[in-house]
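Here's the letter readout for the chains.
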Amino acid sequence: QVQLVESGGGLVQAGGSLRLSCAASGLPVSSYTMGWFRQAPGKEREFVACITKSSDFTYYGDSVKGRFTISRDNAKNTVYLQMNSLKPEDTAVYYCGATLTILSPTTPTRYAHWGQGTQVTVSS
């Protein structure tokens, strides 16, 4: 059974940093394209970052480029999202997803597996 468990969310002041973790079981993160998405109340799920399987290319949403970094630790079967220079508009529930495809990795519907999410709140 596949499980993705996010952790590391919390309350932080604007300008601060957080590191989110997505621990996977039932699938090897090295063989999947792993993505981070976020969803604020009343809004659609938004692409944040992804790291592709095999080649480890990374892609970022425009709103987080230069501030967030996605990485993968295959030995720990975990994916991370380092978030720096956080802004109040980064406030959302952050979800980790896994997909076997490398096509359209910024589209949430491409992802077959999801975690339960972790809340990130950035105060001004």
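Structure: above.
To keep things clear, this report deals only with the structure shown in the data block. (Residues numbered from 1 in each chain as written. Predicted model: local features only at pLDDT ≥ 70, side-chain atom pairs only at ≥ 80, totals over all residues. Heavy atoms only, no water.)

1. Structural notes on unusual backbone geometry
The phi dihedral of Asn77 is positive, around 55°, even though this residue is not glycine. Tracing the chain through its elements places Asn77 in the loop between β7 (68-73) and β8 (78-83). Classification of Asn77 as buried rests on a relative accessible area of 17%. Even without being a glycine, Ser104 presents a positive backbone phi close to 50°. Structurally, Ser104 is set in the loop between β9 (92-99) and β10 (113-114). According to the relative accessible area criterion, Ser104 is partly exposed, its value standing at 37%. (Helix = DSSP H or I, 4+ residues; strand = E, 2+ residues; numbered from the N terminus. Buried < 20%, exposed > 50% of the residue type's maximum accessible area, 1.4 Å probe, protein only.)

2. Thoughts on the nonpolar core
One broad trend across soluble globular proteins is that nonpolar side chains are buried collectively. The biggest cluster of nonpolar side chains holds 28 residues, and the ones touching the most others in it are Met34, Trp36, Val48, Phe68, Leu81, Met83 and Tyr94. Elements supplying a minimum of two residues to this core: β3 (18-25), β4 (33-39), β5 (46-51), β7, β8, β9 and β11 (118-123). When residues no more than four places from it in sequence are discounted, the contact partners of Met83 are Gly16, Ser17, Leu18, Leu20, Arg67, Phe68, Tyr94 and Val120. (Core = buried A, V, L, I, M, F, W, Y, C linked by side-chain atoms within 4.5 Å. Contact = heavy atoms within 4.5 Å.)

3. Concerning the pattern of salt bridges
Inspection of the entire model under this criterion finds 4 salt bridges. Between Glu46 and Arg38 there is a salt bridge, and its shortest N-O distance comes to 2.9 Å. The exposure class assigned to Arg38 is buried, which follows from its relative accessible area of 5%. Among the ionic pairs, Asp90 bridges to Arg38, the shortest N-O distance being 2.9 Å. Of this pair, Asp90 sits in the loop between β8 and β9 while Arg38 is found in strand β4, placing the two residues 52 residues apart along the sequence. The same class applies to Asp90 as to Arg38, namely buried. Salt bridges here are not isolated pairs; linked through shared partners, they connect Arg38, Glu46, Arg67 and Asp90. (Salt bridge = Lys/Arg side-chain N within 4 Å of Asp/Glu carboxyl O.)

4. Points about the sheet that holds β8
If you walk across this open sheet you meet the 4 strands as β1-β3-β8-β7, and the pairing is antiparallel. Looking at the sheet topology across the chains shown, the edges are occupied by β1 (3-7) and β7. When the angles between neighbouring strand axes are averaged without regard to direction, this sheet yields 15°. Alignment of β7 against β8, held across 6 bridges, turns out to be antiparallel. Looking across to β8, one finds that Thr69 is bridged to Gln82. (Pairing = 2+ DSSP bridges. Axes fitted to C-alpha atoms, helices over the stretch in contact; angles between N-to-C directions.)

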